There are 2 protein chains.
Amino acid sequence: MSGERHASAEKEGTLHSRILGDLERHILSGDWPPGHRLPFEVDLATQYGCSRMTANKVLTQLARAGLIERRKKSGSFVSQPVGQAAVLEIHDIEAEVRALKLAYAFRLEKRARRVASAKDRLHLELAEGAPILDLTCLHLAGERPFCLEQRLINLATVPEAEAETFLDMAPGAWLISRVPWNTAEHRIQALAATAETATSLGIARNAACLVIERRTWGASGPVTFVRFTYPGDRHALVARFQPGGEGA
Amino acid sequence: MSGERHASAEKEGTLHSRILGDLERHILSGDWPPGHRLPFEVDLATQYGCSRMTANKVLTQLARAGLIERRKKSGSFVSQPVGQAAVLEIHDIEAEVRALKLAYAFRLEKRARRVASAKDRLHLELAEGAPILDLTCLHLAGERPFCLEQRLINLATVPEAEAETFLDMAPGAWLISRVPWNTAEHRIQALAATAETATSLGIARNAACLVIERRTWGASGPVTFVRFTYPGDRHALVARFQPGGEGA
DNA sequence: ACGGTTATAATGTATATACATGTTTTCACG
DNA sequence: CGTGAAAACATGTATATACATTATAACCGT
């Protein structure tokens, strides 16, 4: 009620996180099913002996995380568990290999500067005849091929790339550290290995491969298109998901 | 500054969202590269003619979204674009089929109640001899097989499932609407079709298939394990990502 | 110089208050 | 008896203030 002024560290953590934790627990445990109305801001404030502002901030955070929906006059309600979204971490390949406790290496197999063909324009939104850099490189785990990377870099957006040899640094890492981007689109498929990729990766022709394609845009237009091809029987993507789980 | 008291709707949107937008623009455009220190709370407050609390809330939100890192005494800094996380939406299969403008149907091919074997316990954390429901069903788009679903349901956690026939409602949709969950783990692989799955899906043996496995936990333990097998040449997962992009 | 204490700068959390905004309920008037 | 204006309600946004926390900087005596 009267509210003993600010945090006196009575038990553990801040009031904010205590309230947040309690509400999340009620929601995630199913104790409060979707559609259930949670206490009003003023009631929460009374219950925890805090101001409405504090309760408001907690509820606002839950709403941003998608766990609840808020309606004026009506109150706040537990959301339906909407489409199952998973945070898919696509690691840096070097990190991926090292996570397997294997030595990492890569080999540049192709580096060509040319103008965009019609086929390239399917992958990246490019003007006709726009200059691009076409790279292919093979990532190795220990002695064995791990992943084949085929990449197009838009030289209109990233002119610095033309001066780079990509002999010492993989193009992915180089781009990440130099070029800002703000949107990426991924496409994940299972495809049979073509004769070419089978040779590069040292697998049987038509073997199942996991193919991940990524297109990236920056403020000044399309940046890069990349296709990673992994031997399917040796690789898996893993994604973990907790609703409302912010990146701590 | 004196700060003209609350929102007088001078231009557009709230002060909060204007500041947020401005900062995001600076960061995403690369204008402020990773490591760059952004203005202190008090400076932002002065600049926008608002109180420090307002600036603080904006910065706090950016920090939660992972765009910036904050250090006491030092200030707030643009984060390194860490591991590329993409929000991967795994749609409901029915929605997926309808998005292709095809008729949706499903057929239950197997429904068995049994106790967990050692192999089942690899998929789901189960006690030895725990009762489970073992389901297989085929999802159809138009007349053609679209996806094969193989599912284990933990009857210890979801006893209601035993009374359900799953003839009218697909097990995925049934579970979503009835059983609360709080953690899911996905595994995505490319695998060659086994003889069985090839027959079910009407594809060639050894054809590349996209396999998505999901394990789900609720408050009272493991809920379900499911494996979706899609003919690889006919299906792709698509994920779009914008850093700091909250679910509106 | 060195190492420890003190000051200071920046963020973190919380309060009380004020007014805006959008819904729902109520109630009075025709 | 309906309908439209007014009141009540719950959230949304913003302010000013206070004190806590913590990392860095400044100081200071030995």
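A short tour of the structure in this document, coming up.

1. Quick word on helix α6 (residues 171–178) of chain B
Residues and elements named next belong to chain B.
Line of reasoning, step 1. Among the residues making up α6, those that are buried are P171, W174 and L175. With its buried residues spanning 95 degrees around the axis, α6 presents them on a single face.
Line of reasoning, step 2. Residues of α6 that are buried sit in contact with β6 (131–141), β7 (144–154) and β10 (221–231).

2. Regarding the sheet that holds strand β2 (residues 68–71) of chain B
Residue and element names in this part refer to chain B.
Line of reasoning, step 1. Ordered in space as β1-β3-β2, the 3 strands form an open sheet in which the pairing is antiparallel. Looking at the sheet topology across the chains shown, the edges are occupied by β1 (37–38) and β2.
Line of reasoning, step 2. Where β2 and strand β3 (residues 75–78) come together, 4 bridges link them in antiparallel fashion. Bridged to R70 within β3 is S76.

3. Quick word on the protein's contact with DNA strand D
Line of reasoning, step 1. Near DNA strand D lie 26 residues; those nearest to it are E41, R52 and R70 of chain A together with L15 and T54 of chain B.
Line of reasoning, step 2. Counted by atom, the contact set of DNA strand D within 4 Å of the protein is 73% sugar and phosphate.
Line of reasoning, step 3. Contacts to DNA strand D include R52 of chain A, whose side-chain N or O atom sits 2.8 Å from a base oxygen.
Line of reasoning, step 4. Between T54 of chain B and DNA strand D, the recorded distance is 2.5 Å, taken from a side-chain N or O atom to a phosphate oxygen.
Line of reasoning, step 5. Mapped by element, the contributors of at least two residues to the surface near DNA strand D are α3 (52–64), β2 (68–71) and β3 (75–78) of chain A together with α1 (15–28) and α3 (52–64) of chain B.
Line of reasoning, step 6. The residue makeup of the surface near DNA strand D, split by class, is 6 nonpolar, 11 polar and 9 charged.

4. Some points on unusual backbone geometry
Line of reasoning, step 1. Within the chain, K73 of chain A stands out as a residue other than glycine whose phi angle is a positive 65 degrees.
Line of reasoning, step 2. When you line up the elements, K73 of chain A lands in the loop between β2 and β3.

5. Quick word on the pairing of β10 of chain B
Residue and element names in this part refer to chain B.
Line of reasoning, step 1. Of all 11 residues that make up β10, 10 are buried, and the element is covered over most of its length.
Line of reasoning, step 2. Across 6 bridges, the pairing between β7 and β10 is antiparallel. Across the sheet, residue I153 finds its bridge partner in β10, namely T224.
Line of reasoning, step 3. Two elements, strand β9 (residues 208–218) and β10, share 10 bridges in a ladder whose sense is antiparallel. Following the sheet pairing, R214 is matched in β10 by V226.
Line of reasoning, step 4. In textbook terms, the turn of a hairpin is the stretch between consecutive antiparallel strands, and for β9 and β10 this stretch comprises 2 residues.

Rules used in this analysis
Residues numbered from 1 in each chain as written. Chains lettered and ligands numbered in written order. Predicted model: local features only at pLDDT ≥ 70, side-chain atom pairs only at ≥ 80, totals over all residues. Heavy atoms only, no water. Buried < 20%, exposed > 50% of the residue type's maximum accessible area, 1.4 Å probe, protein only. Helix = DSSP H or I, 4+ residues; strand = E, 2+ residues; numbered from the N terminus. Arc of directions from axis to C-beta. Contact = heavy atoms within 4.5 Å. Pairing = 2+ DSSP bridges. Near = heavy atom within 4 Å. Polar contact = N/O pair within 3.5 Å; in protein donor to acceptor, adjacent residues only side chain to side chain. Nonpolar A, V, L, I, M, F, W, Y, C, P; charged D, E, K, R; others polar.

Coordinates in, geometry out; function isn't part of it.
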